[in-house]
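Summary of structural features
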Amino acid sequence: MTSKSPKCPVCGKPAQAEFRPFCSKRCADIDLGRWFSGDYRIPGAPAPHENDEKAERNDER
């Protein structure tokens with residue numbers, strides 16, 4: 001029986017313990033860059049902007 005080692009989510013190479021779940025610092029940095037650029041998002045309605053909330057409160061008065 002062969003055990004499957006975890007694969008790097010960026011490039012698919014075997015993950016290294018030092019950079020887990022990635023195979024290298026490079027792949028970890030690529031993933032971090034994707035978070036910073038907004039590539040990873042949770043689907044849903046857009047969050048209201050602070051100015052929108054103030055406008056809504058003023059409309060209710």
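Just so we're clear, the structure is a prediction, and the values are computed from it rather than from any experiment. (Residues numbered from 1 in each chain as written. Predicted model: local features only at pLDDT ≥ 70, side-chain atom pairs only at ≥ 80, totals over all residues. Heavy atoms only, no water.)

1. Section: the UniProt feature "binding site: Zn(2+)" (unreviewed entry) in the protein
For the record, the criterion: UniProt positions are given in the numbering used here, feature names are shortened, and annotations may be inferred rather than shown by experiment. Counting from the N terminus, the helices are the DSSP runs of H or I reaching at least four residues and the strands are the DSSP runs of E reaching at least two. The cut-offs for exposure are 20% and 50% of the maximum accessible area for each residue type, with area from a 1.4 Å probe on protein chains only; residues under the lower value are buried, those over the upper are exposed, and the others partly exposed. Whether two residues touch is decided by their heavy atoms; if any such pair falls within 4.5 Å, the residues are in contact.
Within this numbering scheme, the UniProt entry marks C8, C11, C23 and C27 as carrying the feature "binding site: Zn(2+)" (unreviewed entry). In summary, the annotated positions, though distributed over 20 residues, converge in three dimensions, the widest C-alpha pair being only 8.2 Å. As for its placement among the helices and strands, C8 is situated in the segment before α1 (25-37). We classify C8 as buried; its relative accessible area is 4%. With sequence-adjacent residues up to four places away left out, C8 is seen in contact with K13, A15, P21, F22, C23 and C27. One can find C11 in the segment before α1. Apart from residues lying up to four places away in sequence, C11 is in contact with C23 and C27.

2. A closer look at α1
Put simply, the test is: The span expected for a helix works out to 1.5 Å for each residue beyond the first.
Taking 1.5 Å per residue as the helical rise, α1 with its 13 residues ought to reach 18 Å, and the 18 Å between its terminal C-alpha atoms agrees with that figure. Positioned one or two residues after α1, G38 has a phi angle of 85 degrees, which is positive.

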